[in-house]
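Residues per chain are reported as follows:
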Amino acid sequence: MLENLGLTYAIAGAAIATFVAGIGSSVGLAIASKAADGVLSEKPERYGSLMLMVLLPSTQGIYGFVIAIMVMVKLKIIGGTPVDVTVMQGLEILGACLPVAVAGCISGIQQGKAGAAGIIMTAKRPEMAVKAGVLYAAMIEFYAILGFLISLLLVLGIKTAA
């Protein structure tokens, strides 16, 4: 039963990267969507200027998904027989998945809040949509990208019996 423990840890890391980053994206999208729905109920002509601010939090879930795919490819779960993974290698892969998961979750939620604030401001001052609405929300993306890059470099650097 313990012979596949390393593989189990590694798969758990891939699942955590996908689910936790996805939770951040979905919460952020919900926050921004609620704000946009409120504005659009009175000013439907602003749909185009609000769309980007609503969609920005969705990238974190994509980053987590990409790291999970990278782990599955590394372990040859996709298109082959899974490689042998020691418990230590499994824990390393699990740990490598945490930066994208944590950074994705927190930045996704915060990006949704920033996007909602930008949406509300755009309702009052449409000329500020890109300057304050999109750019402020996009600055938060930087931290999601850092988490993604750290996870990617860690996953690529872990040696397995390939």
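Residues numbered from 1 in each chain as written. Predicted model: local features only at pLDDT ≥ 70, side-chain atom pairs only at ≥ 80, totals over all residues. Heavy atoms only, no water.

**Things to note about the nonpolar core**
For step 1, the next point in the chain: Ranked by internal contacts, the top residues of the largest apolar core, which has 20 residues, are Ile-67, Val-71, Leu-75, Ile-93, Cys-97, Val-100 and Phe-148.
For step 2, the next point in the chain: Looking at this core, the elements with two or more residues in it are helix H1 (5–42), helix H3 (59–74), helix H4 (87–124) and helix H5 (129–157).
For step 3, the next point in the chain: The residues contacting Val-100, other than those within four sequence positions of it, are Ala-17, Ala-21, Tyr-63, Gly-64, Ile-67, Gly-147, Phe-148 and Ser-151.
For step 4, the next point in the chain: Core analysis: the second largest hydrophobic core is formed by 15 residues, Ala-36, Val-39, Leu-40 and Ala-137 among them. (Core = buried A, V, L, I, M, F, W, Y, C linked by side-chain atoms within 4.5 Å. Buried < 20%, exposed > 50% of the residue type's maximum accessible area, 1.4 Å probe, protein only. Helix = DSSP H or I, 4+ residues; strand = E, 2+ residues; numbered from the N terminus. Contact = heavy atoms within 4.5 Å.)

**A closer look at the packing of aromatic side chains**
For step 1, the next point in the chain: Throughout the structure, instances matching the rule amount to two aromatic pairs.
For step 2, the next point in the chain: Ring geometry for Tyr-63 against Phe-148: centres 5.2 Å apart, planes inclined by 35 degrees, an arrangement best described as tilted. On the criterion of sequence distance, the pair formed by Tyr-63 in helix H3 and Phe-148 in helix H5 is long-range, its members being 85 residues apart.
For step 3, the next point in the chain: Judged by its relative accessible area of 15%, Phe-148 is buried.
For step 4, the next point in the chain: Between Phe-142 and Tyr-143 the ring centres are 5.1 Å apart and the planes differ by 80 degrees, which places this aromatic pair in the edge-to-face class.
For step 5, the next point in the chain: The class of Tyr-143 is exposed, set by a relative accessible area of 52%. (Phe/Tyr/Trp six-rings, centres within 6.5 Å; stacked < 30°, edge-to-face > 60°.)

**Observations concerning the packing of H1 against H4**
For step 1, the next point in the chain: Closest axis-to-axis distance for the H1/H4 pair is 7 Å, and the angle between their directions is 0 degrees. When the axes of H1 and H4 are compared, the pair comes out roughly parallel. (Axes fitted to C-alpha atoms, helices over the stretch in contact; angles between N-to-C directions. Parallel < 35°, antiparallel > 145°, perpendicular 65-115°, else oblique.)

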